[in-house]
Amino acid sequence: MIIKAPKGTDDITAQDSYIWQFMENKAQNLFENSNYKEIRTPIFESTELFQRGVGDSTDIVNKEMYTFIQKERSLTLRPENTAGVVRAYIENGMHRLPGPLKLWYKGPMFRYERPQGGRKRQFHQVGVELLGIQEAIADAEVIKLAMEYLDELNIPGLSLEINNIGCPECRNDFRDKIRNAVQPGLNMFCADCKVRYDKNPLRMLDCKNQTCKELLDTEELKEIINSDYICQECSDHFDSLKNYLDILNIEYTINKKLVRGLDYYTKTVFEITSNNLGAQNAVCGGGRYDGLVKILGGKDTPAVGWAMGMERLMAIMPAPKPNKIKAFVVSNNIDKALELVFKLRSRGISTDFDLANRKFVKQLDKASKLNADYAVILGEDEINFGKVTVKNLKTSEQQTISEDKIFGHL
Ligand code: ATP
Ligand code: MG
C-alpha cells in the first residue's frame with residue numbers, strides 16, 4: 001500500500017518551490033530593509049508555553065494543538081509563533097539589546113483543524129514582532145509593513161479592519177456588561193460559547209456559529225459593543241493610531257466586533273482580508289500584546305506584531321516567473337563539456353548539461369525544454385579551434401566566438 005502524506009499537509013514540490021522562494025525573498029528584503037532581523041525558534045515547545053502564552057480560552061489551545069508526551073514531558077508543535085518568539089526573547093536576555101527589538105520570522109505552524117480551502121493542518125506563516133515600544137507609532141509601523149508586503153506580492157482586493165479592545169482594566173467592565181446581556185439566553189449558545197462566557201466573554205463576539213451570531217444580534221449588545229467602553233489611555237492610543245494610518249495613507253475600517261483569537265491582545269487588534277478569497281478570507285491577523293512578556297516570566301514589555309498565512313497569499317497572488325538556468329552546454333565531448341560547465345558555474349552563471357550524453361539534437365531539445373537563455377555548443381570544430389558557439393534560444397541567433405570571450409556573451 002502507498003503511504004500518503006497526513007491529511008491537511010502539502011508537499012512543496014520542486015516545481016513549486018520557486019513560488020515559496022519568491023515570497024520568502026520578498027519578505028527578507030522588505031523586513032531587513034526596515035531593520036527587522038530574522039529569528040528562528042524551535043518548531044516544538046513546552047505545551048505550557050502555549051497554554052499560558054496563547055490562552056486557554058482560545059480554540060488554538062483547546063482544540064487545535066498537536067501535543068505529544070516525550071519522557072513525561074508534554075510538548076506541542078507550535079500553532080503560532082508569537083509565544084515562541086517571546087519565550088526566546090526572555091530566555092536569551094534580548095531585553096538587554098539596544099531597543100526597540102524588531103524581529104521577523106517565517107516557517108511552518110501546526111493546528112488540528114478541519115482541512116478545507118485555505119485551512120491546513122501544517123501551514124506557513126510569515127510574521128513580525130516589535131518589542132519595547134508602547135506608543136501607537138509602533139502599531140502603525142507594523143501595519144504599514146504588512147501592507148507593503150502584500151503590495152509587493154500584488155495581493156488583490158485587500159481591506160484592513162482595526163479595533164481597540166482595551167486594556168485588562170477597562171475590559172473587565174466591558175466583560176461584565178456582555179455577560180449580563182447574554183446571560184438570559186446562555187443555554188442556547190454553543191458549548192464553546194458557554195466556556196467563553198466564563199473565561200473570556202469577549203471571544204463570544206467572534207463565534208462563527210450561526211445560532212450564536214443571531215443570539216448576539218440584539219439592540220442591547222449592539223449598544224454595548226458600540227459604546228466607548230475603553231479608558232482614556234486606550235482611547236488616546238486608538239486616536240493616535242488612526243492619525244498615523246492617515247499620515248501613511250492607509251485605508252481602514254473600524255470593526256468593533258473584531259476581537260481576534262488570542263487571549264493576550266491588548267488595545268490594538270487588526271485583520272487584513274482579501275475579497276478574492278472564499279470563506280477563509282483573512283490573510284493577516286495581529287495586534288498589541290503588552291501583557292505577554294510578563295505573563296511568560298519576563299519584564300513588563302509592550303509589544304505589537306502580526307502573522308500572515310502564506311498559503312492564502314499564494315492562492316491569490318499573481319504567479320512569479322519560475323527560476324531557470326542561463327546556459328545549457330551541448331556537446332558530445334563529455335570531458336570538454338565538464339570543464340566548461342564548471343568554469344561557467346564558478347563565474348556565477350547557472351549552467352546545466354546532459355549527464356546522459358545523448359545525441360546532439362536531443363541535448364539541444366533539452367536546452368529549450370529547460371527554458372535556458374543560451375545553448376553553449378561545443379562541437380568538434382569548435383573544440384579544434386578553441387571556440388564555442390553561443391545560441392540565443394529566444395531569438396535563435398548564434399555566434400561562434402573564441403572560448404575565452406564567452407563571459408562577455410552570456
Ligand atoms: P482564521 O480565522 O482564518 O482561523 P486565525 O485567527 O485562526 O484565522 P491567526 O492565528 O491570526 O489566524 O493566524 C494569522 C494568519 O494565519 C491567518 O490570517 C491566516 O492567513 C493564517 N492561518 C491561520 N490558520 C490557518 C490554517 N489552518 N491554514 C492556513 N492558514 C492559516
Ligand atoms: Mg483559526
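Note that the structure is a prediction, hence the values are computed from the model and not measured.

Chemist: I keep staring at the site of ligand 1 and nothing clicks. Help me out?
Modeler: Around ligand 1, the structure places 14 residues, and the nearest of them are Arg111, Glu113, Arg119, Arg260 and Ala282. Separating an oxygen atom of ligand 1 from a backbone N or O atom of Ala282 is a distance of 2.9 Å. One of the backbone nitrogen or oxygen atoms of Val283 is found 3.4 Å away from an oxygen atom of ligand 1. Look at ligand 1: alone it shows 580 Å² of surface, and the protein chains cover 89% of it. Put simply, the parts of the chain that give the shell around ligand 1 at least two residues each are β6 (122–131), β10 (282–288) and β11 (303–309). Ranked by residues supplied to the shell around ligand 1, first place goes to β10 with 3 residues. Tallied by class, residues from the shell around ligand 1 come to 5 nonpolar, 3 polar and 6 charged.

Chemist: Would you mind showing me how to read the domain arrangement of the chain here?
Modeler: Reports often express the size of an interface as the amount of accessible area lost when the parts come together. By domain assignment, the chain separates into domain 1 (17–157 + 264–316) and domain 2 (327–409). A straight line from the C-alpha centre of domain 1 to that of domain 2 covers 47 Å.

Chemist: I tried to follow the nonpolar core on my own but got confused; where do I start?
Modeler: With 55 residues, the main nonpolar core has Ile178, Val182 and Phe189 as its most contacted residues. Beyond its immediate stretch of four places on either side in the chain, Phe189 contacts Val182, Lys194, Met204, Cys212, Leu215 and Leu216. Trp104, Ile143, Cys284 and Ile316 belong to the second-largest nonpolar core, a separate cluster that totals 42 residues.

Chemist: Teacher, can you tell me more about the pattern of salt bridges here?
Modeler: Taken as a whole, this structure holds 28 salt bridges when the rule is applied. The partner of Glu38 in a salt bridge is Arg40, with the nearest N and O atoms 3.0 Å apart. For Arg40, a relative accessible area of 66% corresponds to the exposed category. Residue Asp59 is joined to Lys63 by a salt bridge in which the shortest nitrogen-to-oxygen separation is 3.8 Å. In this pair, Asp59 and Lys63 are both assigned in helix α3 (residues 59–63), 4 residues apart and thus about one turn of the helix distant. The partly exposed category is assigned to Asp59, whose relative accessible area is 23%. Under the relative-accessibility criterion, Lys63 is labelled partly exposed at 42%. Connected via shared salt-bridge partners are Asp59, Lys63, Asp192 and Arg196.

Chemist: What should I look at first to understand the sheet that holds strand β4 (residues 73–77) in this one?
Modeler: Across a sheet, paired strands are connected by hydrogen bonds in the backbone, their directions being either parallel or antiparallel. Pairing within the open sheet is antiparallel, and its 3 strands lie in the order β2-β4-β3. Among the strands making up the open sheet, the edge pair consists of β2 (44–46) and β3 (66–70). Averaged over all pairs of adjacent strands, the angle between strand axes in this sheet comes to 35 degrees, irrespective of strand direction. Sheet topology places β2 next to β4; 3 bridges connect them, and they run antiparallel. When the sheet's bridge partners are listed, Glu45 is paired in β4 with Thr76.

Chemist: Help me understand the packing of helix α1 (residues 17–33) against helix α5 (residues 136–152), please; the structure alone is not making it clear to me.
Modeler: The angle between the axes and the distance between the axes are what describe a pair of packed helices. Taken N-terminus to C-terminus, the directions of α1 and α5 make an angle of 140 degrees; their axes are 10 Å apart at the nearest point. Looking at the two axes, α1 sits oblique to α5. Read as a crossing pair, α1 and α5 show a hand that is right-handed. Contact residues: α1 offers Met23, Lys26, Ala27, Leu30 and Phe31, while α5 offers Leu145, Glu148, Tyr149 and Glu152. Among the residues making up the contact of α1 with α5, the classes are represented as 6 nonpolar, no polar and 3 charged.

Chemist: I tried to follow helix α7 (residues 191–199) on my own but got confused; where do I start?
Modeler: Along an α-helix, a turn takes 3.6 residues, which lines up residues three or four apart on a common side. Considered for burial, the residues of α7 that qualify are Cys193, Arg196 and Tyr197. The buried residues of α7 occupy an angular sector of 110 degrees when projected down its axis, which confines them to one face. Along α7, exposed side chains directed more than 90 degrees from the buried face belong to Ala191 and Asp198. Where α7 is buried, its residues contact α3, α6 (168–182) and α8 (210–216).

Chemist: Teacher, can you tell me more about the state of the cysteines here?
Modeler: Simply put, disulfide is the name for a covalent bond between the sulfur atoms of two cysteines. By the definition in use, this model includes 0 disulfides. Looking at Cys167, it has no disulfide partner, and the nearest cysteine sulfur is the one in Cys170, 3.5 Å off. A relative accessible area of 11% means that Cys167 is categorised as buried.

Chemist: Would you explain the pairing of strand β7 (residues 158–164) in this entry?
Modeler: Each regular strand carries side chains that alternate between the two faces of the sheet. Where β7 and strand β9 (residues 266–274) come together, 7 bridges link them in antiparallel fashion. For Asn163, the partnering residue across the bridge sits in β9 and is Val269. Pairing of β7 with strand β8 (residues 253–254) involves 2 bridges; the strand directions are parallel. By the bridge assignment for β8, Ile162 is matched with Ile254.

Chemist: What should I look at first to understand the sheet that holds strand β14 (residues 374–378) in this one?
Modeler: Spatially, 5 strands are ordered β13-β12-β14-β15-β16 in an open sheet, and the strand pairing comes out mixed. Both edges of this open sheet fall to β13 (351–353) and β16 (398–402), since each of them pairs with a single strand only. With direction set aside, neighbouring strand axes in the sheet form an average angle of 25 degrees. With 4 bridges connecting them, β14 and strand β15 (residues 387–392) associate as antiparallel partners. What sits directly across from Tyr374, in β15, is Asn392. Packing against the sheet, helix α13 (residues 334–346) makes contact with β12 (327–331), β13, β14 and β15, and its axis sits at approximately 165 degrees to β13. Sheet strands in contact with helix α14 (residues 360–369) are β12 and β14, and its direction is about 175 degrees off that of β12.

What counts and what doesn't
- Residues numbered from 1 in each chain as written.
- Chains lettered and ligands numbered in written order.
- Predicted model: local features only at pLDDT ≥ 70, side-chain atom pairs only at ≥ 80, totals over all residues.
- Heavy atoms only, no water.
- Near = heavy atom within 4 Å.
- Polar contact = N/O pair within 3.5 Å; in protein donor to acceptor, adjacent residues only side chain to side chain.
- Areas by Shrake-Rupley, 256 points an atom, 1.4 Å probe, with all protein chains shown as cover.
- Helix = DSSP H or I, 4+ residues; strand = E, 2+ residues; numbered from the N terminus.
- Nonpolar A, V, L, I, M, F, W, Y, C, P; charged D, E, K, R; others polar.
- Domains from an automatic or database assignment.
- Core = buried A, V, L, I, M, F, W, Y, C linked by side-chain atoms within 4.5 Å.
- Buried < 20%, exposed > 50% of the residue type's maximum accessible area, 1.4 Å probe, protein only.
- Contact = heavy atoms within 4.5 Å.
- Salt bridge = Lys/Arg side-chain N within 4 Å of Asp/Glu carboxyl O.
- Pairing = 2+ DSSP bridges.
- Axes fitted to C-alpha atoms, helices over the stretch in contact; angles between N-to-C directions.
- Parallel < 35°, antiparallel > 145°, perpendicular 65-115°, else oblique.
- Left-handed = near helix turned anticlockwise from the far one by under 90°.
- Arc of directions from axis to C-beta.
- Disulfide = S-S within 2.5 Å.

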